[in-house]
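# Structure at a glance
In case you want the letters, here they are:
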Amino acid sequence: MPLPLSIFILVSVIKSAIVLGVLLTAVAYTVWLERKVVGHMQNRWGPTRVGPFGLLQPAADGIKFLFKEDLTPPHVYKPLFIAAPMMALIFALTSISVIPFGNSFTFGPFSVPQFLPFHYEMPFHWGGAVIGPYSIPFQITDVNIGLLMILGVTSMGVYGVALAGWSSNNKYSLLGGLRASAQMVSYEIALGLSLVGVLIQSGSFSLRAIVDAQGGHFWGFIPRWNIFHWQFIGFFIYLMAAYAETNRIPFDLPEAETELVAGYHTEYSAMKFAMFFMAEYTNMITVGCVATLLFFGGWHGPLFGPPLVQALLPVFWFAAKIFCFLFLYIWVRGTLPRFRYDQLMSFGWKFLLPLAIANLVATAIFVAW
Amino acid sequence: MHLFLFLMFGAVCVGGAINLLAQRHPITSALSLIAVMAALAGEYLLLGAEFVAAVQVIVYAGAIMVLFVFVIMLLNAGEEEQTKGSRVAILLGVPGMLTGGLLIGWVVLRHSGTESVPIGALPGHPTDIAQLLFHDFLLPFEVTSVLILIAIMGAVVLASKPEASAGKVG
Amino acid sequence: MVPSYVPLSYYLLLSGFLFACGVVGFLIKRNIITIFMSIELMLNGVNLSFVAFAAHWHALAGQVFVFFVMVVAAAEAAVGLAIIIAVYRTRETLNVDQVNLLKL
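Residues numbered from 1 in each chain as written. Chains lettered and ligands numbered in written order. Predicted model: local features only at pLDDT ≥ 70, side-chain atom pairs only at ≥ 80, totals over all residues.

### Considerations on the overall build of chain B
Tallying secondary structure elements over chain B gives six helices and one strand in all. Going from N to C terminus, chain B has its helices and strands arranged as α-α-α-α-β-α-α. Burial analysis of chain B (170 residues in total) assigns 36% to the buried set. Counting only contacts in chain B whose residues sit at least 6 apart along the sequence, the fraction spanning at least 24 positions is 57%. (Helix = DSSP H or I, 4+ residues; strand = E, 2+ residues; numbered from the N terminus. Buried ≥ 20, exposed ≤ 12 C-beta atoms within 10 Å, placed from the backbone. Contact = placed C-beta atoms within 7 Å.)

As structure tokens, then:
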């Protein structure tokens, strides 16, 4: 039974608020996790002073970002200088809206007393009307081209970085912006092609359908995730391309400290800098979500316990998989050195792209067989 | 509801197109063109062409326009200056296009009855598009792939340095 | 929700307006990159009418044509921008009025 319109809008607003709140908290704690993990890898402690284990460090960082002086250097192109960090953050946050976090949550049917204000939208039964059962998916909105929408929104994200670099009127920033736009456009192709293999196997662009296709097990014990379903190479390509798309080490050329000061955000301070920072970590989480949905079976995992636990366990499995992915990100950052720019370009065009095409052709032949 | 959405996206389109003409700096023109393309993707969604909308955002707004912005940044293009030729063009071109546009508008309004586009009546589902693209239009599709290949080779040849000293990344 | 319809002529008017803006920009702009962007604007206007007619006549072929237009636009952007870079290398200007070596 579909929800009445007013309830639907209310539910959507509540869902958006919850997802946004959880996402931003997750972003803050990903930063904490990264500092902690990289610290321990380098035989340091990481943040320890604010709160137990430094757990309140994100809050302290936030307060500091808010109260720092917001400098606008002279000779910048002001409208774009202000708009660029917002664009980066908005595009990063938008792509989370189509990601499903779990199955749907069903409630009802139950009876309503007649004095509720929205009874006029129901079948005309006074008192004790039965509505439902309603099912609310763990997802802000389910579009059947969800994957394409994520790709589109993330491909728009490059403008924030490129325009920040250009509008800062600073040679280091400009170089950072140029590098970012060239790098992101190049790796987007490999990224998109690496996902096509999964799409061919599941036959849909809908993220929900892709996850549903991954339920069950091979021979009773290996989960039927796409990564075990011939898409290992696809996942490898996706991983590499995603590191480049999110400007993370080893592909963080746009903000290479040793050569470009801080690249495209050299001139940014206070909250504007924080927006770039949040955009980067939000993109990391989005990439983790897409990897989990497409290659690691989404929210599939062992289910047990009472009904409420069973309803919430998929969300837990989903979050746990994303956590593993984020940990991998941080691990790579603590391990690998940075590439040179020509190495980056030739790796993308001469290795990843042919490999992605080969993977696509092999998958197509396999499926058509 | 649909009419409201159409008008909203249409207003963004019109504003972006006019802004493209009004701005002197190429990068602001490029940004307004991106706004036009994004709003057009919204119009395509209204028409039920969801796959076209997605491709519009990914290819047009996300790849082609990035190339434009990249070149503008690379060449550090400044404000354009008006010259004699442009004044002639404004004097002749703008009134000419205005009359032409008004003529087209008149014809469209005159000869279109009350027929309207049913929204979402034709879902541009990726499966149907693929069926058309790889089955009915296979030959044109293959020809465009050759076209793309030639374009890639042409771009590489044109952009490479004329001397053999092209050791660095351009 | 009551399904509301948008007349086909509205889409055509919008498409025609975008095309006209493209033509005007092509005529009055002097920066070669902006001229190029005006061409893209014209292509976009045409695409809109393709999609609108596809929905009107219930023929998906209209949407497929949009893909071909996009492919041509992408090829054109690649080659055109390469030409612009080559012109800038030799002439050090982006103003089309100053690229007049072949004029008498």
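### A closer look at the interface of chain B and chain C
Counting from both sides, the interface comprises 75 residues of chain B and, opposite them, 64 residues of chain C. Listing elements by their share of the side of chain B that touches chain C, those giving two or more residues are α1 (2-22), α2 (26-46), α3 (50-75), α4 (84-111), β1 (116-117), α5 (126-136) and α6 (138-159) of chain B. Ranked by residue count, the leading element in the side of chain B that touches chain C is α4(B), at 13 residues. Grouping the amino acids of the side of chain B that touches chain C by side-chain chemistry returns 53 nonpolar, 17 polar and five charged. (Nonpolar A, V, L, I, M, F, W, Y, C, P; charged D, E, K, R; others polar.)

### A closer look at the interface of chain B and chain A
You'll often see interface size given as the accessible area lost when the parts meet. Listed by partner, the interface residues are 16 residues for chain B and 20 residues for chain A. Element by element, the count of residues in the side of chain B that touches chain A is highest for α3(B), at 13 residues.

### Focus on helix α1 (residues 8-28) of chain C
Between its terminal C-alpha atoms α1(C) stretches 30 Å, which fits the 30 Å expected from 21 residues at 1.5 Å a residue. Judged by how many residues are buried, α1(C) sits mostly within the fold: 17 of 21 residues are covered. (Expected span 1.5 Å × (residues − 1).)

### Some points on the domain arrangement of chain B
You can read the domains of chain B as domain 1 (1-81) and domain 2 (125-162). Relative to domain 2 of chain B, the C-alpha centre of domain 1 of chain B lies at a distance of 23 Å. (Domains from an automatic or database assignment.)

### Looking at the environment of A:Leu253
Along the chain, A:Leu253 turns up in the loop between α8 (232-245) and α9 (257-260). Note: C-alpha distance between A:Leu253 and A:Ala59 (194 residues apart in sequence) is 29 Å.

### Topic: the packing of helix α3 (residues 78-94) of chain A against helix α5 (residues 158-167) of chain A
Residue and element names in this part refer to chain A. One can describe the packing of α3 onto α5 by two numbers: an axis separation of 8 Å at closest approach and a directional angle of 165°. Here α3 lies roughly antiparallel to α5, going by the angle between them. Here α3 and α5 pass one another in a crossing that is left-handed. Residues Leu-80, Phe-81, Ala-84, Pro-85, Met-87, Ala-88 and Phe-91 of α3 lie in contact with α5, whose contacting residues are Tyr-159, Gly-160, Val-161, Leu-163, Ala-164 and Ser-167. (Axes fitted to C-alpha atoms, helices over the stretch in contact; angles between N-to-C directions. Parallel < 35°, antiparallel > 145°, perpendicular 65-115°, else oblique. Left-handed = near helix turned anticlockwise from the far one by under 90°.)

### Observations regarding the nonpolar core
By size, the foremost hydrophobic cluster in this structure holds 167 residues, and its most contacted members are A:Ala88, A:Ala241, B:Ala30, B:Met37, B:Met65, B:Val69 and C:Val51. Sorting elements by how many residues they give to this core places α3(B) first, with 19 residues. (Core = buried A, V, L, I, M, F, W, Y, C linked by C-beta atoms within 7 Å.)

### A short note on unusual backbone geometry
Residues and elements named next belong to chain A. The phi torsion at His-75 lies on the positive side, around 70°, for a residue other than glycine. Tracing the backbone through its elements, the reader meets His-75 in the loop between α2 (57-67) and α3. Looking at His-75, the number of C-beta atoms within 10 Å reads 9, which means it is exposed. Phi at Asn-247 takes a positive value of approximately 55°, unusual for a residue other than glycine. Secondary-structure assignment places Asn-247 in the loop between α8 and α9.

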